[in-house]
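# Residue-level structure breakdown
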Amino acid sequence: MQPAALLARRRVTIKIGSALLVDGEGRIRRAWLDGLAADIGELARRGSRVIVVTSGAIALGRRALGLPQRALRLEEKQAAAAAGQILLAGAWAESLAGHGLIAAQLLVTLGDTEGRRRYLNARATIETLLKLGAVPVVNENDTVATTEIRYGDNDRLSARVAVMSGAETLVLLSDVDGLYTADPGRDPAARHIPEVGAITAEIEAMATGSGSAVGTGGMASKLVAATIATQSGCAVLLTSGKPDRPLEALRSGARCTVFAARSTPRRARKHWLAATLKPAGRLTVDDGALAALRRGSSLLPAGVAAVEGRFERGDAVLVQNLQGTVVAKGLVAYDAADAERLRGRRTADIEALLGYRGRDEMIHRDDLVLVQAPGEPAGEAAVGTEAP
Ligand code: GLU
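Given the structure is predicted, the values throughout are model-derived calculations rather than measurements. (Residues numbered from 1 in each chain as written. Predicted model: local features only at pLDDT ≥ 70, side-chain atom pairs only at ≥ 80, totals over all residues. Heavy atoms only, no water.)

### Remarks on the pattern of salt bridges
Overall, the coordinates contain 23 salt bridges when judged by the stated rule. The partner of E127 in a salt bridge is R11, and the shortest N-O contact between them spans 3.0 Å. On the criterion of sequence distance, the pair formed by E127 in helix α7 (residues 116–131) and R11 in strand β1 (residues 11–16) is long-range, its members being 116 residues apart. Ionic pairing is found between R343 and E340, a salt bridge with its closest N-O pair at 3.0 Å. Looking at E340, the relative accessible area reads 35%, which means it is partly exposed. Sharing partners across several salt bridges, the network here consists of R70, R73, E75 and E76. (Salt bridge = Lys/Arg side-chain N within 4 Å of Asp/Glu carboxyl O. Helix = DSSP H or I, 4+ residues; strand = E, 2+ residues; numbered from the N terminus. Buried < 20%, exposed > 50% of the residue type's maximum accessible area, 1.4 Å probe, protein only.)

### Thoughts on the sheet that holds strand β10 (residues 256–259)
Strand order across the open sheet formed by 8 strands is β3-β4-β2-β1-β5-β9-β10-β8, with mixed pairing between neighbours. Either end of the sheet is taken by a strand with one partner, and the two such strands are β3 (103–108) and β8 (195–196). Inspection of the sheet shows β1 paired to strand β5 (residues 169–174) by 5 bridges, in the parallel sense. Within the sheet, the bridge partner assigned to T13 lies in β5 and is L170. On top of the sheet, helix α3 (residues 30–45) reaches β1, β2 (49–54) and β5; it is set at about 170° to β1, its chief contact. (Pairing = 2+ DSSP bridges. Contact = heavy atoms within 4.5 Å. Axes fitted to C-alpha atoms, helices over the stretch in contact; angles between N-to-C directions.)

### Description of the nonpolar core
Where a protein is soluble and globular, its nonpolar side chains tend to be buried together. Membership of the largest hydrophobic core comes to 34 residues, with the highest contact counts inside it found for I14, I16, I40, W92, V171 and L247. In terms of residue count, α3 provides more of this core than any other element does, 6 residues in total. Those residues in contact with W92 that lie beyond four places of it in its chain are I16, L21, L33, L36, I40, V52, T54, A103 and V137. Counting 25 residues, the second-largest nonpolar core is a separate cluster that includes V327, A328, Y334 and L354. (Core = buried A, V, L, I, M, F, W, Y, C linked by side-chain atoms within 4.5 Å.)

### Quick word on the sheet that holds strand β12 (residues 304–309)
In space, the 5 strands of this open sheet follow the order β12-β11-β13-β14-β15, with mixed pairing throughout. The sheet terminates laterally at β12 and β15 (368–370), the two strands that pair on one side only. Along the sheet, successive strands turn relative to each other by an average axial angle of 20°, direction set aside. Across 3 bridges, strand β11 (residues 281–285) lies against strand β13 (residues 316–320) in parallel orientation. Within the sheet, the bridge partner assigned to R282 lies in β13 and is L318. Along the sheet, helix α12 (residues 265–276) makes contact with β14 (326–331) and β15, crossing β14 at roughly 110°.

### Here's the deal with the state of the cysteines
Taken as a whole and judged by the stated rule, the model has 0 disulfides. Sulfur of C234: no disulfide; nearest cysteine sulfur belongs to C256 and is 14 Å away. Residue C234 is classed as buried on the basis of its relative accessible area, which comes to 0%. (Disulfide = S-S within 2.5 Å.)

### Some thoughts on the pairing of β2
Burial within β2 is extensive, with 5 of its 6 residues counted as buried. Pairing between β1 and β2: 6 bridges, direction parallel. Among the inter-strand pairings, T13 is bridged to a residue of β2, identified as I51. Relative to strand β4 (residues 135–140), β2 is paired through 2 bridges, and the arrangement is parallel. When the bridges of β4 are listed, V52 appears paired with V137.

### Considerations on the packing of helix α8 (residues 154–164) against helix α10 (residues 219–231)
Packed helix pairs are characterised by how far apart their axes lie and by the angle those axes make with each other. Following both chains from N to C, one finds α8 and α10 inclined at 15°, their axes separated by 8 Å at the closest point. Considering their axes alone, α8 and α10 lie roughly parallel with respect to each other. By crossing handedness, the relation of α8 to α10 is classed as right-handed. Every residue of α10 that contacts α8 at D155, R156, A159, R160 and V163 is listed here: S221, K222, V224, A225, I228 and A229. A per-class count over the contact of α8 with α10 returns 6 nonpolar, 1 polar and 4 charged. (Parallel < 35°, antiparallel > 145°, perpendicular 65-115°, else oblique. Left-handed = near helix turned anticlockwise from the far one by under 90°. Nonpolar A, V, L, I, M, F, W, Y, C, P; charged D, E, K, R; others polar.)

### Here's the deal with the packing of α3 against helix α5 (residues 74–97)
For the pair α3 and α5, the least separation of the axes is 8 Å and the interaxial angle reads 50°. When the axis of α3 is compared with that of α5, the two are oblique. Pair α3 / α5 crosses with right-handed handedness. Counted together, R30, L33, D34, L36, A37 and I40 of α3 and A91, W92, E94, S95 and L96 of α5 form the full contact between these two elements. Grouping the constituent residues of the contact of α3 with α5 by class yields 7 nonpolar, 1 polar and 3 charged.

Shown next as structure tokens:
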């Protein structure tokens, strides 16, 4: 697919590196950000929902706090992130407001995108924001993330966020305009690669160390991001963010590398659900609920006849009919104890029964994969097909 078509997808995640947003003095490059916000406004007008993953907090906070130009200690970095994130979020809110868009800040940690329980929450929030027309502006929560539980670079984070939000395209705005056979700064014979179908060992060997003084991710972390995204059905566009209207430039044919998606986000997610997650319990559903599931609806508490197993919120469970045949698999929105309390009850009663207003569905349809042939024997092998 061409870059212009990839930019016109339903959901597009855009990752911006620190070196583009923050100048050498540690000040925000406001005119450039306004240009990018205009580009984002244009994507939104053309019907795409946009999710931004932005770096720059540490670079901005370093100056704001008067920290020295040497390598910072972890706690200094965290302090810089705390001071810089306010400035960063403020700049985004103002620039996007200039194009009629509401910015909504999300600070996530590795655990929020890797652990299933928190993953579900973060995903639901992004989903709600996108429906409301807001632009999620995401960064790593550097202030609380410690070495062993942090991404450290926003390339990988942006790929996780793109997958989590069901984006079809991830744009990595960088200080390089794509992948080269070697580092073009050092090797004059380096050739630009316009399209990568599969990230092979040969492609990986082309990525050399980081080229930027401000950001943290080099070509290697871009390839890791591209691997995560493309495997989950999200194409990646790697291009230079240096032009004043970088997305406009991309649409008009600026140099870039396209990493083709290996699947669609929906198919990849259903496959992940069906093939990789071990079920921790079973829900038995009545015939009415089963018919609703087959029509593509979510599973509501009212349709659940029995609950088995010890599972936590966000775990995978099998769904079986009254005869005990597995009909679906999904991520359950309640733990086993709460699921038992809600079994057979109306969604309107959830708050009274649990003392909090949980999710309306026991399993949301986006988190559910049906077994294709009704009456197929129970078991993992049967649960390998995509929901209609
Ligand atoms: N989260 C870091 C920041 O906002 C940036 C990480 C990166 O450079 O990729 O400063």
